[in-house]
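Survey of secondary and tertiary structure
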Amino acid sequence: MKSKTISTILIDIFSIPLLFVGMSNKTHRGNTLIRVLGMMSIVILILVDIVGARPFAYVMSTGNYSNSGIVSVIDTETNSVTTTIALGGYPCEVVATPDGTKLYVVDSGLLSTNVFVIDTATNKLDATVNVDGYPVGVGVHPAGTKVYVTNRGSNTVSVIGTATNSVVATLNVEVDPWAVVVTPDGTKTYVVNRRSNTTSVIDTATHNIITTVNVGNFPIEVTVTPDGTKVYVINTRSNNVSVIDTATNNVTNSISVGSSPFGVAVTPDGTKIYVANQEDNSVSVIDTLKYTVTTTISVGVHPSEVVISPDGTKVYVVNWGDDSVSVINTATNNVINTIPVGIHPTGIAVTPDGTKVFVVNYDSNNVSVIDTATNNVIATIKVENNPVEIALGHFIDSNITDQSTRATSNATEDTGAEETNFSSEEINAVELNMSKNNNSESDNGSSSGGNESSKNNSTPGFGLLGSLTCLYGGWKLRKK
């Protein structure tokens with residue numbers, strides 16, 4: 001509808017002045033030229049306003065037994081739901097193409113092989129892509145030409161060509177592929193394999209595995225610096241971060257952080273990494289030049305998701321355990337605000353202009369809208385049951401790196417084991433008792449169970465917690 005409006009404006013404004021120029025005499029041509037230029041200026045302003053206005057936020061909800069897999073579309077200007085998209089299944093992890101025209105949504109339902117494609121121009125389901133069993137993580141190529149989906153059920157990565165929405169390659173990786181990120185230059189993709197304590201490096205041009213890198217215990221998240229030189233892998237059971245040099249694909253540093261690190265985000269200038277530590281309710285700040293933790297910041301209970309404002313001045317931390325968002329000033333690394341939101345916040349996204357933050361609240365079935373100027377909740381938007389994640393369309397999430405890195409919902413190699421482990425591990429994970437629960441499992445990979453908006457880059461976001469809560473919702477429905 002917007003594109004039609006733009007076309008009409010162009011025709012109406014330009015046709016009359018140009019016709020007038022053709023009919024007018026020499027004396028009037030000077031005035032006519034001024035009028036044409038004035039009209040063109042107005043058109044440009046209108047176009048800029050239309051292009052930049054009214055972007056949409058997409059909220060993934062697991063729903064209930066009779067109505068599962070719903071996406072609520074929110075007009076971020078009016079803070080209201082404009083439509084809903086019925087997908088079915090258990091939509092959890094999501095990534096937007098760099099131009100914001102398509103969303104790729106992973107269906108993490110039991111035995112699912114679906115990735116849903118939403119056209120953000122029409123806000124309708126555009127395609128359903130079949131991948132290998134139990135897709136869990138998703139990342140997008142910076143050119144927008146390919147999407148990478150990790151399949152935990154088959155220990156593979158599916159490469160989807162966005163032009164045709166079909167699988168163009170399937171790659172075998174290590175056990176339990178989870179989170180995925182593509183380097184800013186688009187040459188390499190890094191996939192963390194949780195139960196083999198490794199990271200697979202994929203050549204995006206040839207679709208070959210370049211190498212497999214040993215990292216810490218139970219890697220669960222990954223991010224890449226804006227210059228693409230370093231990849232940071234979050235190892236939740238060894239309480240450290242592995243730093244991979246992308247030129248050599250070797251681990252050059254191992255940085256100790258807090259207990260049960262989970263969410264991660266990198267500042268736009270690449271100088272700092274913020275890591276949320278669930279068990280000690282803190283955020284570790286890593287200096288990327290010194291490879292050391294310079295500050296440990298106390299935040300709310302069970303922090304999970306982390307996003308950073310586009311200008312790099314603020315960090316927003318989702319605290320699942322006490323229903324709040326901590327706001328950190330990156331200049332001082334102090335918490336400047338703690339904002340109450342809904343019950344059990346999961347996903348989070350910040351708009352590219354940095355004026356609003358959208359927080360998905362799993363157990364209150366709504367979205368809190370935070371005004372970043374005042375750090376107050378200015379709206380609460382009712383959405384479908386059990387929302388788990390959020391993405392921004394027509395523009396991407398506030399941090400493309402984070403969006404690509406967000407790990408997603410859970411899966412398994414063994415269906416029978418999955419039913420058992422959902423009750424013992426996945427529900428505990430949703431309660432964010434991650435560390436204690438993980439320690440109850442053997443670290444040799446014998447257990448098939450599993451344990452984060454985003455979705456920043458932004459990424460854009462989407463997070464592990466949202467994925468886990470999605471799994472939890474799916475588990476509850478299956479038990480019914």
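Since the structure is predicted, the reported quantities are computational estimates derived from the model, not experimental observations.

1. Re the overall build of the protein
When helices and strands are tallied, the protein shows six helices and 32 strands. Across the 480 residues that make up the protein, the buried fraction comes to 60%. In the form shown here, the protein has an accessible surface area of approximately 16900 Å², with 53% of it arising from carbon and sulfur atoms.

2. Things to note about the nonpolar core
In this structure, Tyr58 and Ile118 are the most contacted members of the largest nonpolar core, which totals 18 residues. Of all the elements in the fold, those that place two or more residues in this core are strand S1 (56-63), strand S2 (68-75), strand S4 (91-96), strand S5 (102-107), strand S6 (114-119) and strand S32 (387-393). With residues up to four places along the chain from it excluded, the contact list for Ile118 reads Tyr58, Val71, Ile85, Leu87, Thr101, Lys102, Leu103, Val105, Lys124 and Asp126. Counting residues in hydrophobic clusters, the runner-up holds 15 residues, among them Trp178, Val201, Ile220 and Val224.

3. Here we look at the layout of surface pockets
Its boundaries defined by the atoms lining it, the second largest pocket holds a volume of some 150 Å³. Taken together, Thr225, Pro226, Asp227, Thr229, Lys230, Tyr232, Asp269, Gly270, Thr271, Thr288, Leu289 and Tyr291 form the lining of the second largest pocket. Each residue belonging to the lining of the second largest pocket can be placed in one class, and the counts come to four nonpolar, five polar and three charged.

4. Quick word on the environment of Val233
Assignment of secondary structure puts Val233 in strand S17 (residues 230-235). Using a relative accessible area of 0% as the deciding quantity, one classes Val233 as buried. Between the C-alpha atoms of Val233 and Val215, which are 18 residues apart in sequence, the distance is 7.6 Å.

5. Some thoughts on the pairing of strand S11 (residues 166-172)
When strand S10 (residues 156-161) meets S11, the two strands line up antiparallel, connected through six bridges. Bridging across to S11, Gly161 finds its partner in Ser166. If you look at the hairpin formed by S10 and S11, you'll find four residues sitting between the two strands, and Asn165 has a positive phi there, around 55°.

6. Here's the deal with the pattern of salt bridges
Overall, the coordinates contain three salt bridges when judged by the stated rule. Between Arg152 and Asp176 there is a salt bridge, and its shortest N-O distance comes to 2.5 Å. Placement of Arg152 in the loop between strand S9 (146-151) and S10 and of Asp176 in the loop between S11 and strand S12 (177-182) is noted, with a sequence separation of 24 residues between them. The shortest N-O distance in the salt bridge between Asp176 and Arg195 comes to 3.4 Å. With Asp176 in the loop between S11 and S12 and Arg195 in the loop between strand S13 (188-193) and strand S14 (198-203), this pair connects stretches of sequence that are 19 residues apart.

7. Overview of unusual backbone geometry
Within the chain, Asn155 stands out as a residue other than glycine whose phi angle is a positive 55°. One can find Asn155 in the loop between S9 and S10.

8. Here we look at the side chain of Thr162
Assignment of secondary structure puts Thr162 in the loop between S10 and S11. By relative accessible area, which is 7% here, Thr162 ends up buried. Among all residues touching Thr162, those that are not within four sequence positions of it are Lys102, Tyr104, Gly144, Thr145, Lys146 and Val147.

9. A short note on the sheet that holds strand S8 (residues 135-140)
Taken together, the four strands give an open sheet; going across it, the order is S8-S9-S10-S11, and neighbouring strands pair in antiparallel fashion. The open sheet is flanked by S8 and S11, the only strands paired with a single partner. Across the sheet, the mean angle from the axis of one strand to that of its neighbour is 25°, orientation sign disregarded. When S9 meets S10, the two strands line up antiparallel, connected through six bridges. Bridging from a neighbouring strand, Lys146 pairs with Gly161 of S10.

10. Some thoughts on the pairing of strand S30 (residues 366-371)
The buried fraction of S30 amounts to five of the six residues, a majority that puts the element mostly inside the structure. When strand S29 (residues 356-361) meets S30, the two strands line up antiparallel, connected through six bridges. Each bridged residue has a counterpart across the sheet, and for Val357 the counterpart in S30 is Ile370. Counting the residues in the hairpin turn of S29 and S30 gives four residues, including Asn365, whose phi is positive at 55°. In this sheet, strand S31 (residues 376-382) lies alongside S30 in antiparallel orientation, the contact comprising six bridges. Within the sheet, the bridge partner assigned to Asn366 lies in S31 and is Lys382.

11. A short note on the side chain of Thr351
Within the secondary structure, Thr351 sits in the loop between strand S28 (345-350) and S29. A distance of 3.4 Å separates the side chain of Thr351 from the backbone nitrogen of Thr355, its partner in a polar contact.

12. Considerations on the sheet that holds S14
In space, the four strands of this open sheet follow the order S12-S13-S14-S15, with antiparallel pairing throughout. At either margin of the open sheet sits one strand with a lone partner, and together these are S12 and strand S15 (208-214). Sheet twist, expressed as the average angle between the axes of neighbouring strands with direction ignored, equals 20°. As paired strands, S13 and S14 are joined by six bridges and run antiparallel to one another. Residue pairing for S14: Tyr190 is matched across the bridge by Val201.

Parameters and conventions
Residues numbered from 1 in each chain as written. Predicted model: local features only at pLDDT ≥ 70, side-chain atom pairs only at ≥ 80, totals over all residues. Heavy atoms only, no water. Helix = DSSP H or I, 4+ residues; strand = E, 2+ residues; numbered from the N terminus. Buried < 20%, exposed > 50% of the residue type's maximum accessible area, 1.4 Å probe, protein only. Areas by Shrake-Rupley, 256 points an atom, 1.4 Å probe, with all protein chains shown as cover. Core = buried A, V, L, I, M, F, W, Y, C linked by side-chain atoms within 4.5 Å. Contact = heavy atoms within 4.5 Å. 1 Å grid on protein atoms, 1.4 Å probe; cavity = no way out; pocket = protein on both sides within 12 Å on 5 of 7 lines; lining within 4 Å. Points joined across faces, edges and corners; volume = space filled by probe spheres on them. Nonpolar A, V, L, I, M, F, W, Y, C, P; charged D, E, K, R; others polar. Pairing = 2+ DSSP bridges. Salt bridge = Lys/Arg side-chain N within 4 Å of Asp/Glu carboxyl O. Axes fitted to C-alpha atoms, helices over the stretch in contact; angles between N-to-C directions. Polar contact = N/O pair within 3.5 Å; in protein donor to acceptor, adjacent residues only side chain to side chain.

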